[in-house]
Amino acid sequence: MVIVRGPHPHARGQIVAGVTGRADRSAVLDFAFREAELRGAVLRVLHAWTHPTSTGPGDMLPLVYDVEAVGQEEEALLAQAVAGWREIRPDVELIQQVVRAHPAKALIEASAEHDLTILGAHEGGRSLLGLGFVAHAVLHHARGPVVIVRP
């Protein structure tokens with residue numbers, strides 16, 4: 001699904017892709033790397049987090065945690081998610097960015113500085129269009145074209 005609202009002010013040669021780090025989101029990275037390669041654009045993969053995430057069923061999340069340590073874990077998660085893609089698409093200039101912010105807010109802000117914003121949809125999504133909260137918010141508030149990639 002592609003949403004374009006009016007003309008984008010000017011091309012910057014950059015694409016941003018929202019990345020969760022989960023393996024089931026490889027379709028987002030595949031699309032983003034191919035699109036960046038076709039456009040000759042810089043690809044920024046953005047991973048936003050607000051608190052520690054569960055690593056599996058029954059995992060208890062701490063009430064108090066070391067923000068720096070969790071940030072390092074999130075950086076490692078992003079590095080793992082993009083590791084193989086550098087070899088598959090070596091011509092794509094890649095910027096990895098991890099921020100402590102709500103994913104919707106981070107992607108909406110990034111959309112103003114990029115030619116295209118790419119993110120994934122949840123399979124069996126929670127809304128009429130099969131979108132989760134983040135995708136729904138980005139579609140409504142992004143400042144440029146948005147692509148939603150289905151798994």
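Residues numbered from 1 in each chain as written. Predicted model: local features only at pLDDT ≥ 70, side-chain atom pairs only at ≥ 80, totals over all residues. Heavy atoms only, no water.

*Asks:* Teacher, can you tell me more about the overall build of the protein here?
*Replies:* The number of helices and strands found in the protein is 4 helices and 6 strands. Ordered by position from N to C terminus, the α and β elements of the protein give β-β-α-β-α-β-α-β-α-β. In the protein, which comprises 151 residues, the share counted as buried stands at 40%. Taking as baseline every contact in the protein between residues at least 6 positions apart, the subset at least 24 positions apart corresponds to 77%. Of the roughly 8,500 Å² of accessible surface on the protein, a fraction of 56% belongs to carbon and sulfur atoms. (Helix = DSSP H or I, 4+ residues; strand = E, 2+ residues; numbered from the N terminus. Buried < 20%, exposed > 50% of the residue type's maximum accessible area, 1.4 Å probe, protein only. Contact = heavy atoms within 4.5 Å. Areas by Shrake-Rupley, 256 points an atom, 1.4 Å probe, with all protein chains shown as cover.)

*Asks:* So what exactly am I meant to see when it comes to the nonpolar core here?
*Replies:* Most often, soluble globular proteins keep nonpolar side chains buried together rather than apart. Ranked by size, the top nonpolar core spans 21 residues in total, and within it Ile15, Leu29, Phe33, Leu43, Val45 and Ile118 carry the most contacts. Ranked by residue count, the leading element in this core is helix H1 (residues 26–39), at 5 residues. If we ignore the near neighbours within four places in the chain, the residues touching Leu29 are Val19, Val45, Ala81, Val82 and Trp85. Formed by 16 residues, the second largest nonpolar core is a distinct cluster that contains Ala48, Ala121, Leu131 and Ala142. (Core = buried A, V, L, I, M, F, W, Y, C linked by side-chain atoms within 4.5 Å.)

*Asks:* What exactly am I supposed to notice about the environment of Leu107 here?
*Replies:* Locating Leu107 in the fold gives a position in helix H3 (residues 103–111). On the accessibility criterion, Leu107 (4% relative accessible area) is buried. In sequence terms Leu107 and Ile118 are 11 residues apart; their C-alpha atoms lie 9.0 Å from each other. Among residues more than four places away in sequence, those in contact with Leu107 are Val16, Gly18, Leu46, Thr117, Leu119, Val134 and Val138.

*Asks:* Please explain the pattern of salt bridges as it appears in this structure.
*Replies:* Where charged atoms from two side chains of opposite charge approach closely, those side chains can pair. Taken as a whole and assessed by the stated rule, the structure comprises 4 salt bridges. We note a salt bridge from Arg89 to Glu37, for which the minimum N-O separation is 2.8 Å. Taken together, the positions of Arg89 in the loop between helix H2 (67–88) and strand S4 (94–100) and Glu37 in helix H1 put the pair 52 residues apart, joining distant regions of the chain. When its relative accessible area of 17% is taken as the criterion, Arg89 is described as buried. Residue classification places Glu37 among the partly exposed positions, given a relative accessible area of 34%. Where Glu109 meets Lys105, a salt bridge forms, and the shortest distance between an N and an O atom there is 2.9 Å. With Glu109 and Lys105 both in helix H3, this residue pair falls 4 residues apart, about one helical turn. (Salt bridge = Lys/Arg side-chain N within 4 Å of Asp/Glu carboxyl O.)

*Asks:* Looking at this structure, I do not really get the pairing of strand S5 (residues 116–120). What am I missing?
*Replies:* Remember that side chains alternate between the two faces of the sheet whenever the strand is regular. Counting buried positions along S5 gives 4 out of 5 residues, so the element sits mostly inside the fold. The sheet contact formed by strand S2 (residues 14–18) and S5 spans 3 bridges and is parallel. Its bridge partner lying in S5, Ile15 is registered against Leu116. (Pairing = 2+ DSSP bridges.)

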